[in-house]
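The chain contents come next:
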Amino acid sequence: MKKILDTGNAACALAVKAARVDFVAAYPITPQTSVVEKLAGYIAEGKMNAKYLPVESEHSAMSAVAAAAAAGARVFTATSSQGLLYMHEILHYAAGGRLSLVMANVNRAVCAPWCLYVDHQDAVSQRDTGWIQLFAASTQEIYDSIILAYKVTEKIHIPVIVNYDGFLLSHSMMPFETVDQDIIDEFLPPFEPAWRLHPQWGGTFGNVTPAENYAPFRHSLAADIRKAGEVIEKIAREFEKLTGHWHGGLFDAYRTEDAEFFLLSMGSMASEMELAVDILRDKGIPAASIRLRVFRPFPAEELSRLLPDGARLLVFDRNYAFGTEGGVLLAESKAALFNRKDDIKVVGRAVGLGGEDLPADFLAEKAREMMEVLK
Amino acid sequence: MSISIKDLPDFEYVLPGSAACAGCPSAIALRMVGKALGENAIMLMTPSCAVASIGPLPKSCYSIPVLNVCFASAGASAAGLAMALDALYEKGRLTGEKPTIFNWAGDGGTYDIGFQGISAAAERNDDFIHFCYNNEAYSNTGMQRSGATPIYAATTTTPLGKEVHRKNLPLLMLEHRVPYVATASLAYPTDLIRKVKKAKDIRGFKYIEIHAPCYTGWKFPSSDTVKMSRLAVQTGSWLLWEAEFGKVVLNSPTSLLAAEKIKPAPLEEYIGKQGRYAHLADSPQKEEILAAMEKEIRRELKFMAARAEL
Amino acid sequence: MNDRSIYPLSQPVKGAGGKTGSWRTAKPVIDLEKCSGCLLCWLFCPEGCIGKNDRSIDYAYCKGCGICGAECPKKAIVMVKEEQR
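Draft legend 1. Structural detail: the overall build of chain B. Within chain B, the secondary structure is distributed over 13 helices and 9 strands. Scaling as 2.2 N^0.38, a compact globule of 310 residues should have a C-alpha radius of gyration of about 19 Å, and chain B matches this with 19 Å. Projecting the C-alpha coordinates of chain B onto the three principal axes gives extents of approximately 70 × 45 × 40 Å. Split into buried and exposed, the 310 residues of chain B put 60% on the buried side. Counting contacts in chain B only where the partners sit at least 6 residues apart, residues at least 24 apart contribute 69% of the total.

Okay, structure coming up:
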């Protein structure tokens with residue numbers, strides 16, 4: 001174990017190297033660029049035994065890693081914003097094909113107008129592609145999540161996006177601890193899939209099929225991704241045993257004891273949210289922060305379990321679900337709690353769009369506004 | 001390298017009873033390619049007639065491993081697969097001889113929606129063969145125009161005849177400075193198979209385009225698929241050439257046409273048999289249009305002959 | 001879950017498109033007396049329905065496209081109209 005001070009993108013690249021990835025294909029986009037620059041550097045310098053394909057687009061990056069994954073290679077790509085949107089078609093393809101893939105998405109707003117800074121519109125727009133989506137909130141969590149993501153995807157054959165906020169996490173230096181290679185090798189042995197795209201295994205992958213053969217694949221993907229939360233939690237515990245690193249299960253919760261108001265968020269905003277909770281608590285308001293770590297599968301039951309009878313859930317969305325009253329987390333939380341018989345209440349706001357700053361006092365103020373609405 | 005038909009292997013890429021139309025040129029071409037590449041190969045396919053031909057999951061008419069990829073993905077997916085296999089072989093995770101990787105794409109997947117990725121793979125010199133079987137339209141969706149549709153040909157989206165020229169894609173690929181580019185025809189099978197065998201033994205990016213007259217789209221009898229391929233070459237409408245590391249060589253009979261050692265077959269014999277040009281038959285501009293088409297053929301022959309001099 | 005059935009995979013089989021012999025309106029009949037054994041019919045058949053060694057035709061799958069008949073240099077293959085089924 002080694003403690004170092006570096007950026008989120010550096011932590012991501014180090015984790016990819018430690019995971020002994022075989023193949024990387026990527027197209028640069030701000031703020032993801034330094035991840036793939038570092039990987040290209042490691043490979044060129046012989047510090048990482050892998051191949052790097054400098055593709056001409058994100059659509060091609062995902063097409064390349066999907067085909068490489070079909071051959072049973074451990075693969076990686078990274079992107080942001082428009083790049084993720086451009087991959088959309090192949091995201092469906094990779095999940096439908098049950099390919100094991102890990103991608104980092106450095107969250108950034110989408111155009112028009114152009115904006116380089118963080119929000120989560122890119123990631124939530126991929127909600128229904130069949131990928132698992134994790135959201136990290138620190139450099140340490142980025143590092144650990146990438147390694148965990150490989151274990152998850154190779155176990156359940158569902159691709160994983162590790163999301164982290166552009167600039168706030170990708171470019172800020174924070175201390176984190178790397179894990180010794182022998183521990184990672186024990187946690188993450190070489191990938192041996194049951195089938196590879198290769199003459200030794202044979203088969204035609206993904207040809208046209210009528211409904212009676214198509215539908216079962218969709219149903220099984222839906223069922224398996226629903227069960228993925230449990231797998232993720234179990235694997236996170238296994239990683240904790242080896243490394244001592246723990247970031248919470250599906251949620252990372254703060255000051256939930258005797259809480260009535262639960263401030264729900266995703267990504268780096270949660271650290272300011274914890275300070276906002278302190279501000280509110282200082283004023284005698286029983287507030288707590290709950291940070292969603294696993295956006296897909298959406299942990300509906302765990303959310304409900306976290307919230308006591310009569311709880312007030314205040315949702316901070318860094319995105320919009322256009323055509324609904326707010327963001328995606330608001331809509332999903334309401335759906336998750338719909339069957340509750342108590343007088344639990346949910347309200348939400350879209351904040352921090354395009355990198356709008358979210359200091360603790362602002363979040364505390366927003367929370368108080370929402371409390372007013374609930375009165 | 002001389003090829004004898006009698007010595008070709010029995011091994012088949014396309015098993016009998018595929019879902020292809022009767023007389024499908026893609027199936028003929030792919031059978032020939034299989035006899036050149038052999039069993040240790042992986043095929044990637046973008047949506048096209050050749051994909052519709054596979055039959056429904058869990059059955060497949062193709063005997064080798066196949067990856068169906070998205071329409072614009074051929075260049076990048078083949079590149080990714082080739083490179084990932086290199087990594088797995090180097091690490092000893094796979095052993096034996098690395099399979100030949102090839103794309104089997106139509107003119108839609110090559111000239112149009114797939115061009116960006118294929119161009120990029122060519123520029124990077126990624127290690128695979130890209131085959132374009134060119135039936136000069138989007139035949140799989142019922143004959144809409146493509147970037148490969150020749151001028152004046154009627155399609156469902158150019159019902160009065162296409163007004164602009166096709167791209168010269170083999171030439172564009174050549175100028176990517178790749179190790180090998182060739183054009184081929186069903187009617188010249190030993191030339192086709194020789195070219196595929198040559199491509200197999202070269203590392204890096206190889207492009208082979210096979211002219212594939214589609215009887216349902218072009219509207220001629222299915223029995224004339226090979227005949228139409230031959231007429232395309234004999235009239236100079238489809239040129240046979242190959243280029244190793246940029247050095248172009250015209251192949252017979254195109255070379256003989258270019259050298260004016262033989263006369264081109266009458267163009268009307270070729271286009272007169274195709275329903276897609278039927279509108280020309282009673283056009284008052286018929287003679288003018290035929291003259292323009294013949295002029296264009298002479299221009300292309302002259303151009304390629306001059307390019308072969310470089 | 002380490003099982004290949006999770007992947008959308010198909011296996012190569014004859015007749016993936018069905019018993020395509022039923023598509024035929026005319027069937028190729030070969031006269032082996034006239035056949036010179038050039039194998040062009042074998043090579044040009046889109047279905048691979050003609051035997052390389054004995055030029056036997058697999059009528060279960062032959063779609064009756066007629067290319068073999070059109071290309072045979074010895075005119076040893078004629079297309080015979082199928083009886084109404």
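Draft legend 2. Fine view of the overall build of chain A. Looking only at helices and strands, chain A has 13 helices and 15 strands in total. Over its C-alpha atoms chain A spans a radius of gyration of 20 Å, differing by no more than 12% from the 21 Å that the globule rule assigns to 375 residues. Counting only C-alpha atoms, chain A reaches 65 × 50 × 45 Å along its principal axes. A total of 375 residues make up chain A; the buried ones form 55% of that total. In chain A, the share of contacts with a sequence separation of at least 24, taken over all contacts with a separation of at least 6, comes to 80%.

Draft legend 3. Quick peek at the interface of chain B and chain A. Residue-level contacts link 40 residues of chain B with 40 residues of chain A. At the level of elements, strand 1 (41-45), helix 2 (49-52), strand 3 (66-68), helix 3 (74-90) and helix 5 (115-124) of chain B are the ones that each hand at least two residues to the side of chain B that touches chain A. At 12 residues, helix 3 of chain B tops the list of elements feeding residues into the side of chain B that touches chain A. Its residues assigned to classes, the side of chain B that touches chain A comprises 27 nonpolar, 9 polar and 4 charged. Pairing of strand 9 (residues 204-205) of chain A with strand 3 of chain B, which is carried by 2 bridges, proceeds in the parallel orientation. Residue pairing in the sheet places A:Phe205 in a bridge with B:Leu67 of strand 3 of chain B.

Draft legend 4. Representation of unusual backbone geometry within the structure. Residue and element names in this part refer to chain A. The residue after Cys111, namely Ala112, is reached through a cis peptide bond having omega 5°. Along the polypeptide, Ala112 turns up in the loop between strand 5 (102-107) and helix 5 (121-124). Residue Pro113 follows Ala112 across a cis peptide bond; omega there is -10°. In this structure, Pro113 sits in the loop between strand 5 and helix 5. A positive phi angle is found at Asp258, which is not glycine, with a value near 55°. For Asp258, the position within the fold is in the loop between strand 10 (251-254) and strand 11 (261-266).

Draft legend 5. Focus on the sheet that holds strand 6 (residues 132-135) of chain A. Residue and element names in this part refer to chain A. Taken in spatial order, the 7 strands line up as 3-2-4-5-7-6-13 in an open sheet, and their pairing is mixed. Unpaired on one side and paired on the other, strand 3 (51-53) and strand 13 (294-296) mark the two borders of the sheet. Strand-to-strand twist of the sheet, defined as the mean angle between neighbouring strand axes without regard to direction, takes the value 20°. As judged from the 2 bridges shared by strand 2 (residues 23-25) and strand 4 (residues 75-79), these two strands associate in the parallel manner. The residue of strand 4 that forms the bridge with Phe23 is Val75. Here helix 2 (residues 33-44) sits on the sheet in contact with strand 2, strand 3, strand 4 and strand 5, set at roughly 135° to strand 3.

Draft legend 6. Looking closely at the packing of helix 1 (residues 8-18) of chain A against helix 2 of chain A. Residues and elements named next belong to chain A. Here helix 1 crosses helix 2 at 40°, and the two axes come no closer than 8 Å. In this view, helix 1 runs oblique relative to helix 2, as classed from their interaxial angle. Judged by the twist between their axes, the crossing of helix 1 over helix 2 is right-handed. Seen from helix 1, the contacting residues are Asn9, Ala10, Cys12, Ala13, Val16 and Lys17; seen from helix 2, they are Ser34, Val35, Lys38, Leu39 and Tyr42. Across the contact of helix 1 with helix 2, the residue classes tally to 7 nonpolar, 2 polar and 2 charged.

Draft legend 7. Just the interface of chain C and chain A, in detail. With 10 residues of chain C in contact, the opposing surface of chain A contributes 13 residues. When grouped by side-chain class, the residues that make up the side of chain C that touches chain A number 5 nonpolar, 3 polar and 2 charged. Judged from the 2 bridges that link them, strand 9 of chain A and strand 1 (residues 9-12) of chain C form a sheet pairing that is antiparallel. The residue bridging A:Thr204 from the neighbouring strand is C:Ser10, located in strand 1 of chain C.

Reading the values: the criteria
Residues numbered from 1 in each chain as written. Chains lettered and ligands numbered in written order. Predicted model: local features only at pLDDT ≥ 70, side-chain atom pairs only at ≥ 80, totals over all residues. Helix = DSSP H or I, 4+ residues; strand = E, 2+ residues; numbered from the N terminus. Rg over C-alpha atoms; globule rule 2.2 N^0.38 Å. Buried ≥ 20, exposed ≤ 12 C-beta atoms within 10 Å, placed from the backbone. Contact = placed C-beta atoms within 7 Å. Nonpolar A, V, L, I, M, F, W, Y, C, P; charged D, E, K, R; others polar. Pairing = 2+ DSSP bridges. Axes fitted to C-alpha atoms, helices over the stretch in contact; angles between N-to-C directions. Parallel < 35°, antiparallel > 145°, perpendicular 65-115°, else oblique. Left-handed = near helix turned anticlockwise from the far one by under 90°.

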